[in-house]
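# Chain and residue survey
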Amino acid sequence: MRIGIYGGTFNPIHNTHIDIARAALEQFSLDKVYFLVAGNPPHKDTAENIPDACRLEMVKFAIANQPKIAIDEREIYRTGKSYSYISLTEIKKENPTDDIFFIMGSDSLLYFKNWVKPDVISDCATILVAPRLGDNMDVLNNAINECKDLFSGDFFLIDYKANGLASSVIRQDYYTDKSVHKWLDSKVEEYIIEHNLYSPYSYHYDDILRLSQEMNKELKSSRYVHTLGVATTAYSLALKWNYPAYTAMVAGILHDCAKCISDEKRISVCEKNNIPIRDIEYKYPHLLHGKVGAFYCKSKYDVFDDQIAHAIEVHTTGCPGMNLLDKIIFVADYIEPGRDKQPRLDILRSVAYEDLDKCVFMILEDTVNYLNENPEMVDSTTIDTYNYYLNEMKGEV
Ligand SMILES: [Fe+2]
Ligand SMILES: [Fe+2]
């Protein structure tokens, strides 16, 4: 067998990664290429520190229709520093009779001699180098010749149509330049949106502290304790379902930020800021605390992420087609540790970590049952949401 190993963070994976792997497969008669997905180095900025599981999921989507490309997850699970020479030594040991090829970008080649144990890497594998757009080929060929002099293995260039695309460009421009989306598999693109990756807004522990202190002042003590329960439940659900955990925690902390103000104040905030009020909300103004809370995110608490505002807006009723954060906050609000009145809480708390959609539906079911016993309080949005997820559970959406 001739096995290609393509190392990288794949943050995110894009079409050029696939082009390079396919070119290597063809030109060097490889049987298989494995994307060796690197673990996240701990020093990286949080904004770029996308959960490992998210990068893995995106790679899985991108290679779904590539039978000769697979994933090697070993570096994700390795403790301590992860060096290529360690992985390649292992791979060579596992496949002693196979020929191993290590695929790298031309930027890596230029510094190859400074890597940790480059001699071990080139002993284990033939190095295949993917040039980048604008590379000076004389410089590249000189670097290859220098490596051939210094090390025992062989070095080749991969011939493919290089372009200027890099994962760093996608991370930076994802929300401002839609043209980068065409470089992504459509499933990867959906995943990025759903999981709020590469958002211009990212949150840190300092934000959690600041907003908790604000809520401690703003809310009654029982509401504050509920808020902490929702925030921590949202955090753990986010870890489970691969959503940025601090972003979910911020949404949890702020979800009831407009709960402890008067009905008159809620109505006046909506009227002054052109936030539409439905008849039932005039009748029961506490129903407005989601809408007003969403408004307060930006205007009062300097939290500008639209996904957070939306999750807060719909946290009591849900809405048809909720996104991942909407579901996390909707569920966290219902199952947080301080809740004890709702039926089958033990089951819901377990299902939330097994099947989030099912948990959303079960909560809607219980809510509709409760509202049927109290018909004067029925908000049509809850019924619409219930019907949407009822159809989804039947596979009709
Ligand atoms: Fe609420
Ligand atoms: Fe709540």
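Residues numbered from 1 in each chain as written. Chains lettered and ligands numbered in written order. Predicted model: local features only at pLDDT ≥ 70, side-chain atom pairs only at ≥ 80, totals over all residues. Heavy atoms only, no water.

## Observations regarding the coordination of the iron ion (ligand 2)
Listed as protein donors to the iron ion (ligand 2) are H226 (NE2), H255 (NE2), D256 (OD) and D333 (OD); their distances from the metal cover 2.2 to 2.3 Å. One can describe the donor arrangement at the iron ion (ligand 2) as irregular, given that its 4 donor atoms subtend angles of 83 to 173° at the metal. Each donor residue of the iron ion (ligand 2) lies on the same chain, and together they follow the pattern H-x28-H-D-x76-D. In this structure, the iron ion (ligand 2) lies 3.4 Å away from the iron ion (ligand 1), the two metals sharing D256 as a donor. (Donors = N, O, S within 2.8 Å, 3.2 Å for Na, K, Ca; no water. Tetrahedral: all angles 85-135°; square planar, octahedral: opposite > 155°, others 65-115°.)

## Describing the pattern of salt bridges
In total, this model carries 23 salt bridges according to the counting rule given. Among the ionic pairs, E365 bridges to R344, the shortest N-O distance being 2.9 Å. Here E365 is found in helix α19 (residues 356-373), whereas its partner R344 is found in the loop between α17 (324-335) and α18 (345-351), with 21 residues between them in sequence. Residue class for E365 comes out partly exposed when judged on its relative accessible area of 26%. In the salt-bridge network here, residues are joined through shared partners; they are D72, R74, R78, E90 and E94. (Salt bridge = Lys/Arg side-chain N within 4 Å of Asp/Glu carboxyl O. Helix = DSSP H or I, 4+ residues; strand = E, 2+ residues; numbered from the N terminus. Buried < 20%, exposed > 50% of the residue type's maximum accessible area, 1.4 Å probe, protein only.)

## As for the packing of aromatic side chains
Scanning all chains against the criterion turns up 17 aromatic pairs. Judged by centre distance (6.1 Å) and plane angle (20°), the ring pair of Y83 and Y85 falls under stacked. Note on Y83: relative accessible area 28%, which makes it partly exposed. You can call Y85 buried: its relative accessible area is 18%. An aromatic cluster is built from F102, F112, W115, F151 and F155, whose rings are joined through pairwise contacts. The ring of W241 has K240 sitting right over it, with the charged end atom 5.1 Å from the ring centre. Looking at K300, its charged tip hangs above the ring of Y296, at a distance of 4.6 Å from the centre. (Phe/Tyr/Trp six-rings, centres within 6.5 Å; stacked < 30°, edge-to-face > 60°. Lys NZ or Arg CZ within 6 Å of the ring centre and 35° of its normal.)

## Notes on the UniProt feature "domain: HD/PDEase" (unreviewed entry) in the protein chain
Within this numbering scheme, the UniProt entry marks residues 219-347 as carrying the feature "domain: HD/PDEase" (unreviewed entry). Spanning residues 219-347, this segment combines 61% helix with 0% strand, and its end C-alpha atoms are found 30 Å apart. (UniProt positions renumbered as here; feature names shortened; annotations may be inferred.)

## Considering the coordination of the iron ion (ligand 1)
The iron ion (ligand 1) binds to the protein through D256 (OD), H289 (NE2) and H315 (NE2), with metal-donor distances spanning 2.1 to 2.2 Å. When the donors of the iron ion (ligand 1) are listed by position in the chain, the intervening gaps give D-x32-H-x25-H. Of the residues examined, H315 reaches a relative accessible area of 1% and is grouped as buried.

## Section: the domain arrangement of the protein chain
You'll often see interface size given as the accessible area lost when the parts meet. By the assigned domains, the protein chain splits into domain 1 (2-194) and domain 2 (205-393). Just the C-alpha atoms count here: the centres of domain 1 and domain 2 sit 41 Å apart. Contacts between domain 1 and domain 2 engage 6 residues on the former and 6 residues on the latter. At the boundary of domain 1 and domain 2, one finds 0 salt bridges. Applying the counting rule to domain 1 against domain 2 returns 2 residue pairs in polar contact (both at pLDDT 80 or more). Where the side of domain 1 that touches domain 2 is concerned, the elements lending two or more residues are α2 (52-62) and α9 (186-194). Residues of the side of domain 1 that touches domain 2, tallied by class, amount to 4 nonpolar, no polar and 2 charged. (Domains from an automatic or database assignment. Contact = heavy atoms within 4.5 Å. Polar contact = N/O pair within 3.5 Å; in protein donor to acceptor, adjacent residues only side chain to side chain. Nonpolar A, V, L, I, M, F, W, Y, C, P; charged D, E, K, R; others polar.)

## Structural notes on unusual backbone geometry
Put simply, N11 and P12 share a cis peptide bond, and its omega is 0°. Along the polypeptide, P12 turns up in the loop between β1 (2-8) and α1 (15-27). In this model, F10 sits at a positive phi of 50°, which is unusual for a non-glycine residue.

## A few points about the sheet that holds strand β2 (residues 32-37)
The 6 strands lie next to each other as β3-β2-β1-β4-β5-β6, forming an open sheet whose pairing is parallel. Both outer strands of the open sheet, β3 (69-72) and β6 (155-157), are each paired with one neighbouring strand and no more. Shown here is a sheet whose adjacent strand axes are inclined to one another by a mean of 30°, direction ignored. Looking at chain direction, strand β4 (residues 99-105) and strand β5 (residues 125-130) are connected through 6 bridges and run parallel. What sits directly across from I100, in β5, is A125. Here α1 sits on the sheet in contact with β1, β2, β3, β4, β5 and β6, set at roughly 145° to β2. (Pairing = 2+ DSSP bridges. Axes fitted to C-alpha atoms, helices over the stretch in contact; angles between N-to-C directions.)

## Observations regarding a nonpolar patch on the surface
Residues L110, Y111 and V139 make up a contiguous nonpolar surface patch of about 290 Å² in total accessible area. Locating V139 in the fold gives a position in helix α7 (residues 137-150). Of the residues examined, V139 reaches a relative accessible area of 42% and is grouped as partly exposed. (Patch = residues over 30% accessible without salt bridge, like charges linked within 9 Å, V, L, I, M, F, W, Y side chains within 5 Å. Areas by Shrake-Rupley, 256 points an atom, 1.4 Å probe, with all protein chains shown as cover.)

## Considering helix α10 (residues 205-218)
Under the 1.5 Å per step criterion, the end-to-end length of α10 is 20 Å for 14 residues, consistent within 8% with the ideal 20 Å. Here α10 has its buried residues at D207, I208, L211, S212 and M215. Mapping the buried residues of α10 onto a view down its axis gives an arc of 125°, with all of them on the same face. In α10, the exposed positions that point more than 90 degrees away from the buried face belong to D206, Q213 and K217. On its buried face, α10 is in contact with α11 (221-240) and α12 (245-254). (Expected span 1.5 Å × (residues − 1). Arc of directions from axis to C-beta.)

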